[in-house]
Amino acid sequence: MAFFLPILLMFTTTTNAQGNPPSPGYNPSSKIETVAFDQAYESLWGPQNQRFDEGLVTIWLDKSSGSGFKSKESYESGFFGTAVKLHPGYTAGVITSFYLSNNQDHPGNHDEVDIEFLGTTPDKPYTLQTNVYIRGSGDGNIIGREQKFHLWFDPTEDFHDYAMLWTPDEIIFFVDDVPIRRYPRKSDDTFPIRPMYVYGSIWDASSWATENGRYKANYGYQPFVGRYSNFKLEGCTAGSGQSCSPPSGSPSNDGGLSRQQVAAMHWVQRNYKVYDYCSDPKRDHSLTPEC
């Protein structure tokens, strides 16, 4: 660890120089009630690698298994959030995630909206990857719509809030109520419109998670632990019809973002976005016409 310390200090000095984002002026999560885990979620896999304790859900990856949980209901839209504290140290190859998916109902042809924390080596920060898959574009012939960010804080030191707002018109990703990405509905072909469940998981993605698979999960550092709390969930369940409307992510009930929220989002994108699929010259943009 002593070998990494000078590098780590140099990196911290560099990233902190950018400071914190400007206030978005509105906190959408404050309008959403916190729900008890067992009220809205249930264990999905790896139950031996889960622990539940007064609103805190701990899941971990070791050599035997990862772990995951899933919402009891599927949703057509809504606000889905949780607070997460990530594992420190060597976490290369490990994915800690919170996401929407309908893979259970549409295997091989599913939709997905992701918040994924890509594990790392001690000299480099976590990467938060946001992604959207539409109708099987994540199955076999992968057509991801990734935007990746570093964070303006250390996500291993404390809990921070992460959320997705999915409406019929757009998907907005939030970190501590600061919008970091807006994905608008430009056509039915590039937007998820089928009901999805909410998931959380930790698993081994050594083949691609850290620097395109250069660094693998090292089980000499196991267990790799993800901690979740403060579950925020308000949405329209499948079949609820047009009488149900998702919550707003801005002071206006008309949806979208306020001018102050947009300014905060643009600041994050200028200072902390490290990858955008629309700007990648190696991508075939005929497959992502929304760019």
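Residues numbered from 1 in each chain as written. Predicted model: local features only at pLDDT ≥ 70, side-chain atom pairs only at ≥ 80, totals over all residues. Heavy atoms only, no water.

Trainee: Help me out: how do you make sense of unusual backbone geometry in this one?
Mentor: Peptide bonds are, in most cases, trans, and in most cases residues other than glycine have a negative phi. Residue P223 follows Q222 across a cis peptide bond; omega there is 0 degrees. Here P223 shows up in the loop between β13 (197-204) and β14 (224-237). Of note in this structure, E54 is not a glycine but carries a positive phi near 50 degrees. Tracing the backbone shows E54 in the loop between β2 (50-53) and β3 (56-61). The class of E54 is exposed, set by a relative accessible area of 83%. Phi at E211 is positive, roughly 50 degrees, even though this residue is not glycine. (Helix = DSSP H or I, 4+ residues; strand = E, 2+ residues; numbered from the N terminus. Buried < 20%, exposed > 50% of the residue type's maximum accessible area, 1.4 Å probe, protein only.)

Trainee: Would you mind going over the sheet that holds β14 with me for this structure?
Mentor: In any sheet, the strands associate via hydrogen bonds between backbone groups, in a parallel or an antiparallel arrangement. The antiparallel open sheet is built from seven strands, whose spatial order is β2-β3-β14-β5-β10-β11-β12. Two strands lie at the open edges of the sheet, namely β2 and β12 (178-184), each paired on one side alone. With strand direction ignored, the average angle separating the axes of adjacent strands in the sheet is 20 degrees. Bridging between β3 and β14 involves five bridges; their strand directions are antiparallel. Its bridge partner being in β14, L61 is matched across the sheet by F224. (Pairing = 2+ DSSP bridges. Axes fitted to C-alpha atoms, helices over the stretch in contact; angles between N-to-C directions.)

Trainee: I tried to follow the pattern of salt bridges on my own but got confused; where do I start?
Mentor: If the charged atoms of two oppositely charged side chains come close together, the side chains can form a pair. Per the counting criterion, the structure on display carries nine salt bridges. Its salt-bridge partner being E170, residue R182 comes within 2.5 Å of it at the nearest N-O pair. Remark: E170 occurs in strand β11 (residues 170-175) and R182 occurs in strand β12; sequence separation between them is 12 residues. Judged by relative accessible area, which is 4%, E170 ranks as buried. Between K273 and D276 there is a salt bridge, and its shortest N-O distance comes to 3.0 Å. Salt bridges linked by common partners bring K124, E211 and R214 together as one network. (Salt bridge = Lys/Arg side-chain N within 4 Å of Asp/Glu carboxyl O.)

Trainee: I would appreciate a short explanation of the nonpolar core in the present structure.
Mentor: Nonpolar side chains tend to gather and get buried jointly when the protein is soluble and globular. With 49 residues, the main nonpolar core has Y41 and Y162 as its most contacted residues. Residues contacting Y162, with those up to four places away along its chain left out, are F80, G81, T82, V84, I115, F117, L128, L151, F153, P155, F174 and V175. Listed in part, the eight residues of the second largest apolar core include F79, I172, F174 and M265. (Core = buried A, V, L, I, M, F, W, Y, C linked by side-chain atoms within 4.5 Å. Contact = heavy atoms within 4.5 Å.)

Trainee: Explain the state of the cysteines to me, please; I cannot follow it from the model alone.
Mentor: Note on terminology: a disulfide is the covalent bond linking the sulfur atoms of two cysteines. Taken as a whole and assessed by the stated rule, the structure comprises two disulfides. Linked covalently through their sulfurs, C236 and C244 form a disulfide whose S-S length is 2.1 Å. Here C236 and C244 share a disulfide; its torsion about the S-S bond, -90 degrees, makes the bridge left-handed. Accessibility expressed as a relative area gives 2% for C236, which makes it buried. Linked covalently through their sulfurs, C278 and C291 form a disulfide whose S-S length is 2.0 Å. On the sign convention where negative means left-handed, the S-S torsion of about -80 degrees between C278 and C291 marks this disulfide as left-handed. Residue C278 is located in the segment after β15 (273-276), and its partner C291 is located in the segment after β15; the two are separated by 13 residues in the primary sequence. Using a relative accessible area of 29% as the deciding quantity, one classes C278 as partly exposed. (Disulfide = S-S within 2.5 Å.)

Trainee: Please explain the sheet that holds strand β8 (residues 127-133) as it appears in this structure.
Mentor: Pairing is antiparallel across the open sheet formed by eight strands, whose spatial order is β1-β4-β13-β6-β7-β8-β9-β15. Because the sheet does not close on itself, it has two edges, and the strands there are β1 (41-45) and β15. Within the sheet, the average angular offset between the axes of one strand and its neighbour, ignoring direction, is 20 degrees. By the bridge criterion, seven bridges tie strand β6 (residues 94-101) to strand β7 (residues 112-118) in an arrangement that is antiparallel. Note on β7: the bridge partner recorded for I95 is L118.

Trainee: I'm lost on the confidence of the model for the protein in this one. Help?
Mentor: For residues with low pLDDT, the predicted coordinates do not support detailed interpretation. Per-chain confidence: the protein averages 92 in pLDDT, with 94% of residues scoring 70 or above. When the criterion is pLDDT under 50, residues 1-17 qualifies, and its contacts beyond four places in sequence or with other chains add up to seven contacts. (pLDDT = per-residue confidence, 0-100.)

Trainee: Looking at this structure, how should I read helix α3 (residues 259-272)?
Mentor: Turn by turn, an α-helix covers 3.6 residues, leaving residues three or four places apart pointing in a common direction. Relative to the 20 Å expected for 14 residues at 1.5 Å per residue, α3 spans 20 Å between its end C-alpha atoms, a close match to the ideal helical length. Those residues of α3 that sit buried are Q261, A264, M265, W267, V268, Q269 and Y272. (Expected span 1.5 Å × (residues − 1).)

Trainee: In this structure, what is going on with the environment of K216? I would like to understand it.
Mentor: Here K216 is to be found in the loop between β13 and β14. A relative accessible area of 42% places K216 in the partly exposed class. Along the sequence, K216 and A92 sit 124 residues apart, while their C-alpha atoms lie 5.6 Å from each other. Once you skip the residues sitting within four places of it in the chain, K216 turns out to touch Y90, A92, G93, S206 and S207. Engagement of the side chain of K216 in a polar contact is seen with the backbone oxygen of G213, the distance being 2.8 Å. (Polar contact = N/O pair within 3.5 Å; in protein donor to acceptor, adjacent residues only side chain to side chain.)

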